[in-house]
Amino acid sequence: MASLLKVDNEMKSKVSAFRERIFSEAEDLVANFFPKKLLELDHFLKDPLINVLDLNEIHSEINLSVPDPILLTNSHDGLEGPQNAKKRKQEDIEENCQGTKVFVMPGGMMKSNNKLVELIEKVKPEIRTLIEKCNTVKMWVQLLIPRIEDGNNFGVSIQEETVAELRTVEGEAASYLDQISRYYITRAKLVSKIAKYPHVEDYRRTVTEIDEKEYISLKIIVSELRNQYVTLHDMILKNIEKIKRPRSSNAETLY
């Protein structure tokens, strides 16, 4: 049957070369890269950097001193009635409790938690790698999906399920990057609060809690990355025949 769409031969050959490159790269990822990466991450999970038992070791000192208190006095003529005096007192409280104006940090720039920054800088490339490799494998499976036909679509459903799983892993990995960004933003807001309200100990304790939570979350992220490589490798290998040849040869001869 003559083609219903004219495609430039040179462009067609370039697209075919692109497809072949994706096929070769994706098959190598599934066969070699995924198992290698899951073993690397499993080894990383045994690293002392990510296995600190006493979380006090990951705490970061907040070098913001507590200033001496300033006594505020208000004098009135004593002629106000009880209601006006109560109202005036409330206004004075609201006016005077504005926190400390911060123009500059006493010790210069307020540093991040260096121990967590070091760990984050090791975990982020692993997240990015998983997203990129999943995208390549997803493209490979999508290019293997045959044209839409009536019947004999069991293999196609397996391909679509594989694509859906790869898309889910991509989304979860991207959410890990969002989580890291939220940690920095949340911690920055809390440190700003400490600078403005240095007498409030709860803000200082909250920064410590946020750091501990992020440390635990980073270990969970590394564990999840390893598990996702294991799951994808196992799923694709178990269904590789249907993924590469979704329709049986008998059915293909009918068309």
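Residues numbered from 1 in each chain as written. Predicted model: local features only at pLDDT ≥ 70, side-chain atom pairs only at ≥ 80, totals over all residues. Heavy atoms only, no water.

**Q** I tried to follow the packing of helix H4 (residues 154–196) against helix H5 (residues 201–238) on my own but got confused; where do I start?
**A** If you want to describe how two helices pack, look at the angle between their axes and the distance between the axes. With their axes 11 Å apart at the nearest point, H4 and H5 run at an angle of 170 degrees to one another. Of the possible angle classes, the one that applies to H4 and H5 is roughly antiparallel. Split into classes, the residues belonging to the contact of H4 with H5 amount to 17 nonpolar, seven polar and nine charged. (Axes fitted to C-alpha atoms, helices over the stretch in contact; angles between N-to-C directions. Helix = DSSP H or I, 4+ residues; strand = E, 2+ residues; numbered from the N terminus. Parallel < 35°, antiparallel > 145°, perpendicular 65-115°, else oblique. Nonpolar A, V, L, I, M, F, W, Y, C, P; charged D, E, K, R; others polar.)

**Q** Is there a simple way to explain the confidence of the model for the protein chain in this structure?
**A** Low pLDDT means the predicted atomic positions in that stretch should not be read closely. Of all residues in the protein chain, 79% have pLDDT values of 70 or greater, and the mean over the chain is 84. Within the model, pLDDT remains below 50 along residues 75–79, and this stretch shows two contacts once partners closer than five positions in the same chain are excluded. Confidence drops under pLDDT 50 across residues 251–255; counting only partners more than four residues distant or on other chains, this segment forms five contacts. (pLDDT = per-residue confidence, 0-100. Contact = heavy atoms within 4.5 Å.)

**Q** Explain the packing of aromatic side chains here, please?
**A** Centre distance and the angle of the planes are the two values used to describe a pair of aromatic rings. Scanning the model with the defined rule gives four aromatic pairs in all. Considering the side-chain rings of Tyr-183 and Tyr-184, the 5.4 Å spacing of their centres and the 50 degrees angle between planes classify their relative orientation as tilted. Assessed through its relative accessible area of 5%, Tyr-183 is described here as buried. For Tyr-184, a relative accessible area of 29% gives the class partly exposed. Within the aromatic cluster, the residues linked to one another by ring pairs are Phe-33, Phe-34 and Tyr-229. Between the NZ or CZ atom of Lys-133 and the centre of the ring of Phe-33, over which it lies, the distance is 5.3 Å. (Phe/Tyr/Trp six-rings, centres within 6.5 Å; stacked < 30°, edge-to-face > 60°. Buried < 20%, exposed > 50% of the residue type's maximum accessible area, 1.4 Å probe, protein only. Lys NZ or Arg CZ within 6 Å of the ring centre and 35° of its normal.)

**Q** Looking at this structure, how should I read the nonpolar core?
**A** The tendency in soluble globular proteins is for nonpolar side chains to be buried side by side. Counting residues in hydrophobic clusters, the biggest one holds 50 residues, and the most contacted among them are Val-123, Ile-127, Val-137, Trp-140 and Leu-218. Every element with two or more residues in this core is listed here: helix H1 (9–44), helix H3 (114–144), H4 and H5. Residue contacts for Ile-127: discarding those within four places in its chain leaves Ala-173, Tyr-176, Leu-177, Ile-180, Ile-221 and Leu-225. (Core = buried A, V, L, I, M, F, W, Y, C linked by side-chain atoms within 4.5 Å.)

**Q** Looking at this structure, I do not really get the pattern of salt bridges. What am I missing?
**A** Oppositely charged side chains may form a pair once their charged atoms are brought near each other. Applying the stated rule across the entire model yields 13 salt bridges. When the shortest N-O distance is used, the salt bridge between Glu-126 and Lys-37 registers 3.2 Å. Residue Glu-126 is located in helix H3, and its partner Lys-37 is located in helix H1; the two are separated by 89 residues in the primary sequence. For the pair Glu-126 and Lys-37, a shared accessibility class is recorded, and that class is buried. (Salt bridge = Lys/Arg side-chain N within 4 Å of Asp/Glu carboxyl O.)

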